[in-house]
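Close look at the chain arrangement
Here is how the chains run, residue by residue.
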Amino acid sequence: MTQLPYAIDAETPLSKAELDVLRAQYEKEGDMVGVQTKFNYAWGLVKSDTRTDQHLGVMLLSEIFRTSPERRRECLYYLALGNFKLGNYANARKYNDLLLDNEPANLQATNLRALIDDKVAKEGLMGVAIVSGIAVAAGVIGGVLLRNLGRKR
């Protein structure tokens, strides 16, 4: 995925056993789950290669971000990372920029910004190519239709 050393979290999931330990602790605490346990589980989920895990991780981090103002700073990077991995680049950039506003020298966030910008640029170029291809196809079809209408007269 990347060659950026400080963005290593973007590509290193926990093992199944490690994630199972975090899940078991989270489930054991049930309705009285502590913020740190929820954060640890969400962190493991965001690092996962599984999209459903990543989505759940982002949801848990969003809950922590909303309900525990004192924990917002530590949620920002993983909210940015989770949204990046899910392809929600606007949200990823929003959370990452919030972190960089407070910590401009944060190398993880700086490297994640580069990954986000690179992905947006690549997908933007792909989008332009698709739209251009559709426009060319529409032009060809329109030309053929007009030519056929001209022959019928």
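Anything mentioned here points back to the structure above.
Here's what I pulled together on the structure shown here. (Residues numbered from 1 in each chain as written. Predicted model: local features only at pLDDT ≥ 70, side-chain atom pairs only at ≥ 80, totals over all residues. Heavy atoms only, no water.)

Quick word on the overall build of the chain
The helix and strand tally for the chain stands at six helices and zero strands. Listed by position from the N terminus, the elements making up the chain come as α-α-α-α-α-α. For the chain, with 153 residues in total, the buried portion stands at 33%. Taking as baseline every contact in the chain between residues at least 6 positions apart, the subset at least 24 positions apart corresponds to 51%. (Helix = DSSP H or I, 4+ residues; strand = E, 2+ residues; numbered from the N terminus. Buried < 20%, exposed > 50% of the residue type's maximum accessible area, 1.4 Å probe, protein only. Contact = heavy atoms within 4.5 Å.)

Section: the nonpolar core
Ranked by size, the top nonpolar core spans 30 residues in total, and within it L61, C75, L79, F84 and L112 carry the most contacts. By residue number, the principal contributor to this core is helix α4 (residues 72-86), which donates nine residues. Excluding residues within four positions of it along the chain, L79 makes contact with V58, L61, S62, F65 and Y95. (Core = buried A, V, L, I, M, F, W, Y, C linked by side-chain atoms within 4.5 Å.)

Some words on the pattern of salt bridges
Within this structure, the stated rule accounts for eight salt bridges. Two residues, K16 and D20, come together in a salt bridge whose shortest N-O distance is 2.8 Å. Here D20 and K16 lie together in helix α1 (residues 16-29), a separation of four residues that amounts to about one turn. The shortest N-O distance in the salt bridge between R23 and D20 comes to 2.9 Å. Of the two residues, R23 and D20 both sit in helix α1, three residues apart, roughly one turn of that helix. R23 sits in the partly exposed class, given a relative accessible area of 22%. Here D20 falls in the partly exposed class, since its relative accessible area comes to 30%. (Salt bridge = Lys/Arg side-chain N within 4 Å of Asp/Glu carboxyl O.)

What is shown is where atoms sit, not what they do.
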